[in-house]
Every structure is written in structure tokens, then in C-alpha cells.
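Each chain, letter by letter, is given below.
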Amino acid sequence: MHRVITIGREFGSGGREIGVKLAERLNIPFYDKEIVAMAAEAGGLDEAFIEMNEEGGHRVNRKGGIRRTSLASFNYHPSFSDGIFLHQCDAVKKLAAQGPCVIVGRCSDYVLRFDGSIDVFIAASMPFKIARKRAMAPEKADYTDAQMEKWISDVNHSRCNYYEHYTGRKWGHIQNYHLCIFSDMVGIDGSVDTILAYLNSVEDK
């Protein structure tokens, strides 16, 4: 059965590692940075620039809030950031069309919402996220717990703004996903096992 699994994740929850291990267990491709590379090539842009820009592509209204604008609205003219988003949407659709795979981030659950993807969201408690980032980000070794929490919260706030701006949906809201997992409750490998069990149950029906 053709299955594309998308993984949305909180920063520090281990979502990318879960995606990599899931793809290995299923023996299917894993896509993350490849999407950035494809968008960069399509738009004639530098990959590092896209990575810096991709979660900051929202516009601010006069009151300082996020102004959501449908990409299909009448007389809509895409901004520079919107153009990058559209290139990434094209990349996600092209990769998904090639066959079963695991795609992390890039609003892929929304982009593939009509294509039968299985959409997963990975969350975790703040102590777990702090401990994980301490182990994986040596450049932040001098951060206090408060500084580490602020860094994690700031990144997740940017992800939330980006997702909600381009999709009009709530980031991390259970109704937008088939399966939501707290990785600190079951661990990284346990999260992979949980997703596999879910996939097996879906495919048995």
C-alpha cells in the first residue's frame, strides 16, 4: 500500500531522529534537507538562505499580529517568502509522488492533505527537550536551563507562526494529525514502534 508518512515536531522532541529511524525500519526514503535543496534549485537561491527564511515567512499587520492570507485568494500576489514556500510545496508533492517515504516538517501534512498521507506529530515535555538539546547542541553548553528553555520556545514559536500562517490550521492540534506522541513518555525507539504499530493497524483494515 502506498504510504507517505509526514512528521511534524516540536523542537527538541526528537522528531527528526524518529523520522530517520522510521524510514530505516520501513526501508523507504527519508526527506528533510532534500526539500530545501530542491526549493533552492527551483528558485535559484542559496540553501542556507532558505533555511534561515523558511520559518519566518509571515507578514505582520498594523497591530503587530500575524495576517493569514490564503495562497489561493483573489488577486493574491506571493511575497518572496511565499515564493519559497510554494517551491517547497512543489518539492514535497514531487517526492511524495515517487512512492512511500517519510517527510519531516515543511507543512507536509497540509500540503499532502488530499493525498492519503499518514500524519504524525511529536511533542515532549520541556525537561526532556532541554536535556536532549544539551546533548546535541554543544555550542549551547554555557546556557542555563532558563536560556535553553527560551531558545527552544523561540524556535517552536517560529514553527507555530510559520505553520499557522501558511495553513490556517493550529500547529500541533490533535485534529490535524492521525497520531500524536509524547516522545519523553516512550522514548525515541518507542515512538518509532508506536508509529509502526499504528501503520500496521491501518493497513490491516
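Cut-offs used in this document
Residues numbered from 1 in each chain as written. Predicted model: local features only at pLDDT ≥ 70, side-chain atom pairs only at ≥ 80, totals over all residues. Heavy atoms only, no water. Helix = DSSP H or I, 4+ residues; strand = E, 2+ residues; numbered from the N terminus. Buried < 20%, exposed > 50% of the residue type's maximum accessible area, 1.4 Å probe, protein only. Pairing = 2+ DSSP bridges. Arc of directions from axis to C-beta. Contact = heavy atoms within 4.5 Å. Axes fitted to C-alpha atoms, helices over the stretch in contact; angles between N-to-C directions. Parallel < 35°, antiparallel > 145°, perpendicular 65-115°, else oblique. Nonpolar A, V, L, I, M, F, W, Y, C, P; charged D, E, K, R; others polar. Patch = residues over 30% accessible without salt bridge, like charges linked within 9 Å, V, L, I, M, F, W, Y side chains within 5 Å. Areas by Shrake-Rupley, 256 points an atom, 1.4 Å probe, with all protein chains shown as cover. Salt bridge = Lys/Arg side-chain N within 4 Å of Asp/Glu carboxyl O. Phe/Tyr/Trp six-rings, centres within 6.5 Å; stacked < 30°, edge-to-face > 60°. Disulfide = S-S within 2.5 Å.

Located in the positive-phi region is N27, a residue other than glycine, with phi close to 60 degrees. Mapped onto the elements, N27 comes out in the loop between α1 (15-26) and β2 (30-31). Relative accessible area serves as the criterion here: at 71%, N27 is assigned to the exposed category. Phi at R106 is positive, roughly 60 degrees, even though this residue is not glycine.

On to the pairing of strand β4 (residues 118-123), then. The element β4 is largely enclosed, with a buried count of six among its six residues. Of the strand pairs in this sheet, strand β1 (residues 4-9) and β4 are connected by five bridges, and their pairing is parallel. Counterpart to G8 in the pairing with β4 is F121. Judged from the four bridges that link them, β4 and strand β5 (residues 179-182) form a sheet pairing that is parallel. Its bridge partner lying in β5, A123 is registered against F182.

On to helix α6 (residues 126-136). All buried positions along α6 are accounted for by M126, K129, I130, R132 and K133. The buried residues of α6 occupy an angular sector of 165 degrees when projected down its axis, which confines them to one face. Of the exposed residues in α6, those oriented more than 90 degrees away from the buried face are P127 and A135.

On to the sheet that holds strand β3 (residues 101-104), then. Taken together, the five strands give an open sheet; going across it, the order is β2-β3-β1-β4-β5, and neighbouring strands pair in parallel fashion. Here the strands that pair on one side only, and so sit at the sheet edges, are β2 and β5. This element, α1, spans β1, β2, β3 and β4 of the sheet and lies at about 165 degrees to β1.

Where α6 meets helix α7 (residues 145-167), the axes come as close as 10 Å, and the angle between the chain directions of the two elements is 100 degrees. Overall, the two elements α6 and α7 adopt an arrangement that is roughly perpendicular. Between α6, through M126, K129, I130, K133 and R134, and α7, the contact on the second element is made entirely by D145, M148, E149, W151, I152, S153 and N156. For the contact of α6 with α7, the per-class residue count stands at five nonpolar, two polar and five charged.

Taken together, the side chains of F182, M185 and V186 define a hydrophobic patch exposed on the protein surface, amounting to about 340 Å² of accessible area. Mapped onto the secondary structure, F182 falls in strand β5. The exposure class assigned to F182 is partly exposed, which follows from its relative accessible area of 49%.

Applying the stated criterion to the full structure yields seven aromatic pairs. Seen in terms of ring centroids, F11 and W151 are 5.0 Å apart; in terms of plane orientation they differ by 80 degrees. Their pairing is edge-to-face. Within this pair, whereas F11 is found in the loop between β1 and α1, its partner W151 is found in helix α7, the two being separated by 140 residues in sequence. Note on F11: relative accessible area 12%, which makes it buried. Each ring, one from F121 and one from Y177, has its centre 5.1 Å from the other, and the planes form 45 degrees; the classification is tilted. Placement of the pair is F121 in strand β4 and Y177 in the loop between α7 and β5, with a sequence separation of 56 residues. Neither F121 nor Y177 differs from the other in exposure class; each is buried.

Here we come to the state of the cysteines. Under the counting rule described, the total for this entry stands at zero disulfides. Not part of a disulfide, C107 finds its nearest cysteine sulfur in C89, a span of 7.1 Å.

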